[in-house]
Amino acid sequence: MNSGSYISVGFFYTILGISILLLILVVYLVMRLLKTQKNEEATEYKFQQLEGQINSLQLENLESRLNPHLFKNILNSIQSHAYQTYFALDKLANVLDFILYESKNKFVTPKEEIDFALNLIEINKIKLSPLFELKVKTKIDESELLYEQRLLAPLISIDLIENAFKHADLQSEDAFISIVFEFRNNSFSLTVSNKMSKKIPIKKDKSGIGAETLEQRLRIIYKDNFKLDKFIEDDVHFAHLKINLLEHKNKMLVAG
């Protein structure tokens, strides 16, 4: 065999050796990449679990503050008008049933929440003069698929309703409170408006948790599937809450 043949064979083995090394390197890099990706997925999963635990703890804390706050307001309303106690107690019984039993559930049906809110309004009515204009309307399509499915956070309507009674102008001739419940296209809506009182409300050290609690609960539970607007126009305060329950349900199914 001549020298040219030895060079060709040597060159071949050199190329073969380099190719094997490159192949080993590629396999090693792919394995490292897969391991890194797996670690990232594991880290992301742990982060999501931790985030879920934090949100759950926040929600439990918010709801534990909500019920005593509601009890206090209801009892104050009844105490201020003792002559209507019998009627108020009848409505209070319905409200207490909801708070003690249904509100322990993570979700209630829109029907249950609206019935609860209507009883709450009746209790608050005892603060008002018989001539005061209180308008309550329900625009509900009971044939909607999600109307009687448990997708609505319990007590979600309290803050907007109680704020209207708390801050409304109850004295002037054009004073009013308007409350409208809607359930259409599998979305729950609550619109509350009231003529604002010109009196500056007395600030209390332990008051004012309602609005903060509502917004935190909505963000934790419904993420970007809700819209809450509050604004003032011509001395009238407007608050509008809309929750897209169908979109929320779809995302829950995907996440689950």
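In what follows, the structure referred to is the one given above.
Residues numbered from 1 in each chain as written. Predicted model: local features only at pLDDT ≥ 70, side-chain atom pairs only at ≥ 80, totals over all residues. Heavy atoms only, no water.

Enquirer: Could you give an account of the packing of aromatic side chains, naming the residues involved and the relevant values?
Expert: Within a pair of aromatic rings, the relevant descriptors are the distance that separates the centres and the angle that separates the planes. For the coordinates displayed, the defined rule picks out three aromatic pairs. Measuring from ring centre to ring centre gives 4.5 Å for F98 and F116, while their planes differ by 15 degrees; the resulting arrangement is stacked. In this pair, F98 sits in helix α2 (residues 85-100) while F116 sits in helix α3 (residues 110-124), placing the two residues 18 residues apart along the sequence. Judged by relative accessible area, which is 7%, F98 ranks as buried. The class of F116 is buried, set by a relative accessible area of 2%. When the centroid spacing of 5.4 Å and the interplanar angle of 55 degrees are considered together, the rings of Y147 and F183 count as tilted. Taken as a pair, Y147 in the loop between β1 (133-140) and α4 (158-167) and F183 in strand β2 (residues 176-184) lie far apart in primary sequence, 36 residues in all. For the cation-ring pair, K135 lies above F176, with the distance from its terminal atom to the ring centre recorded as 5.3 Å. (Phe/Tyr/Trp six-rings, centres within 6.5 Å; stacked < 30°, edge-to-face > 60°. Helix = DSSP H or I, 4+ residues; strand = E, 2+ residues; numbered from the N terminus. Buried < 20%, exposed > 50% of the residue type's maximum accessible area, 1.4 Å probe, protein only. Lys NZ or Arg CZ within 6 Å of the ring centre and 35° of its normal.)

Enquirer: How would you sum up the sheet that holds strand β4 (residues 226-233)? Please name residues and give values.
Expert: Overall, mixed pairing links the five strands, which are arranged β1-β2-β3-β5-β4 in an open sheet. Edge positions in the open sheet fall to β1 and β4, since each of these has one partner strand only. Shown here is a sheet whose adjacent strand axes are inclined to one another by a mean of 5 degrees, direction ignored. Note that strand β3 (residues 187-195) and strand β5 (residues 236-244) share nine bridges and pair antiparallel. Looking across to β5, one finds that T191 is bridged to H240. The sheet strands contacting α3 are β1, β2 and β3, and the helix crosses β2 at an angle near 170 degrees. (Pairing = 2+ DSSP bridges. Axes fitted to C-alpha atoms, helices over the stretch in contact; angles between N-to-C directions. Contact = heavy atoms within 4.5 Å.)

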